[in-house]
Amino acid sequence: MNKLKTTVLFLCFICFVQTTFAQSIEQGKKFLYYERYQSARDLFKQIVDKEPANETAIYLLGQAYIGLEDYADAKKLYLDKLAANPSSPLILARVGHVELIEGKSADARNHFETAVSLSDGKRIDVLNAVGYANGNPDSKNGDANYAIQKLKQATQIKKFNDPEVWANLGDAYRKFADGGNAVMSYNEALRIDPNYARAIYRTGRVYQTQGVAQEPLYMKYYNDAIAKDPAYAPVYQTLYNYYYNTDVNKSAEYLNKWLANSDDDPRACFFKASMKYAQGLFLETIQAADACIAAEGSSPYPNLYGLKAYANDKLENLALKAKDTAGAIKYRETAKALFEEYFKYQLPEKIGGGDYAAYSTLLLKIPGNEDKAAQFVLMAVDMDSIEANKVTYLKGMAQALENQKRYKEAAEWYKKVLNVKRNYTNVDIHNAAYNFYRANIYDSAAYYYQMYETKYPTDVFGFYMEGKALQAKDSTGVLGLAVAPYSKVVELGEAAADKSKVKNQLSGAYRFFIEYYYNQKKDKASALAYLDKALLLEPDDAQLLANKEFISNNDPNAPPKPPKTPKPPRK
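A few points on the structure. (Residues numbered from 1 in each chain as written. Predicted model: local features only at pLDDT ≥ 70, side-chain atom pairs only at ≥ 80, totals over all residues. Heavy atoms only, no water.)

## A short note on unusual backbone geometry
Filter applied, for reference: Note on classification: 1.4 Å probe, protein chains only; a residue is buried when its accessible area is under 20% of the maximum for its type, exposed when over 50%, partly exposed between these limits. Every helix listed is a DSSP run of H or I at least four residues long, and every strand listed is a run of E at least two residues long, numbered separately from the N terminus.
Despite not being glycine, Ala177 shows a phi value in the positive range, around 65°. Given the relative accessible area of 71%, Ala177 is considered exposed. Even without a glycine there, the phi angle at Lys323 is positive, about 60°. With respect to the helices, strands and loops of the structure, Lys323 is situated in the loop between α17 (303-321) and α18 (325-345).

## Regarding the state of the cysteines
Operational definition: Cysteine sulfurs are considered disulfide-paired once they come within 2.5 Å of each other.
Applying the stated criterion across every chain yields a total of one disulfide. Here Cys269 pairs with Cys292 through a disulfide, and the sulfurs are 1.9 Å apart. Between Cys269 and Cys292, the S-S torsion sits near -90°, and that sign places the bridge as left-handed. Here Cys292 lies in helix α16 (residues 282-296) and Cys269 lies in helix α15 (residues 266-278), a separation of 23 residues in the sequence.

## Considerations on the packing of helix α4 (residues 71-84) against helix α5 (residues 89-101)
Condition: Axis definition: a line fit to C-alpha positions, over the contact stretch in the case of helices; interaxial angles, taken between N-to-C directions, run 0 to 180 degrees. In this scheme the handedness of a crossing depends on how the near helix is turned from the far one: anticlockwise by less than a right angle means left-handed, clockwise means right-handed. Contact between two residues is taken to exist if any of their heavy atoms lie within 4.5 Å; hydrogens are not considered. Under this grouping Gly is polar, as are all residues other than the nonpolar Ala, Val, Leu, Ile, Met, Phe, Trp, Tyr, Cys and Pro and the charged Asp, Glu, Lys and Arg.
For the pair α4 and α5, interaxial distance at closest approach is 9 Å and the crossing angle is 145°. Handedness of the crossing formed by α4 with α5: left-handed. Contacts between α4 and α5 involve Tyr71, Ala74, Lys75, Tyr78, Leu79, Lys81 and Leu82 from the first element and Ile91, Leu92, Arg94, Val95, Val98 and Ile101 from the second. Taken together, the residues that form the contact of α4 with α5 break down as 10 nonpolar, no polar and three charged.

## Side note on helix α21 (residues 387-403)
Short version of the rule: For a helix, the expected span equals 1.5 Å multiplied by the number of residues minus one.
The end-to-end C-alpha separation of α21 is 24 Å, in line with the 24 Å expected for 17 residues at 1.5 Å each. All buried positions along α21 are accounted for by Lys390, Val391, Tyr393, Leu394, Met397, Ala398, Ala400 and Leu401. Where α21 is buried, its residues meet α19 (353-364), α20 (370-383) and α22 (407-420). Residue Lys405 follows α21 closely and has a positive phi angle near 65°.

Here it is, written out as structure tokens:
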């Protein structure tokens, strides 16, 4: 009887432990949902220490590490546990996630496929892990289409009822640029759990990617998410970022709300320091970032180096305005070194195109770094998926070269804008053409002004500038290269309702034809006709008046007068 009691007590103890761990895992999942990664890490670490083979706890502990951007510990955890249990589908899937972060796409896909195969494609948690790793819209790595396939497969498994999978599917569709299916997936998550604030918030993110015109709609979803769950921190982070460059007070307000509902992890220190940058307190930004780095020991948050680099870059600009050349050079060199430190410590997938572009602009100020600067601009363009950002990077490089009067190189970079921008404007074309003109590369200038004319056939400016380019090429006028474009200037200009808007171009064309008809065609009447037209626009112009007197009194067909014979010197 005593033996029976002992057995019953032991079984009860096992049930109690299992229930406790199950409750702890559910609590840890809530921490992950709220993106309180430090709390999740601490909790799951306790579970894994007591249950080293607990596959779910291992998987979630690694996810917490990844949330903290502690990729080294995530990798070590998964590889150690995989060595002990090489056939664990969930751990295999997580190893694949780390490999994706490292840019090892082929290795990652191999581990994903092995994980799905070992679980016969019937484990929701495995399919969800694969889908989450690939479908994260905030990551440049991963295959969104592959994520969609695996997450849809998870939703078709018997007794499926998990809003997280639907939300991850929505994220994968967002990464795939399919906003309609993304919103439908988030709605499915809400159908399972109407209080799932993450799905409401992520719906707002879909509409935010469609531009500021959708602001009323995405702000509604953000506010709805807050109303549904005021403790859901990610929405405050998005609003902090949203107002960061436009309303520093509002941004600070959302930062405080975000931090109040988040863990005090290393990122929190960075964001507090970044607020000083937004306020224009650049020296204080550097001091705050230094304090964060000192407090974090041997592995500080890499973004702190980037923040210090940007602050020094701003201080360099202020020093230049104050004509403090020595100070500007000091800040410039410090910013350069800090950017390089940031690139060294930060994972490539976490570096933004704007970081590379800012570094390239800095390099252009230091003679001898032009090729390196160009390389970083092209990296920025290649890695950014947003057209407006690509254009900004290319224009920044072009303008820097233009400011240095390196017009040929500037023109080549303005050409790249035309290749990237789907709906380029007359200004975009002019930028390329005019810099070729200033570089004395007249054929290229004329080519791009012809492109201008094709897109804007009623705009006199394109024809006028083509005329100037060809006139410069045919400087004597003997070939008559500029006749056709200048004739079009006259046609459009004389038909214009408001001559004041085309006065300069029309006058320039008239002046060309005055000289062309008198010198090349020997046609005095036509030269005088264009001269009279020019005088109607500018009746008091001294040069035109002098030209009229000369042409009126001289015959262009008359043989040139022999040179005067000099008088012999007096004896």
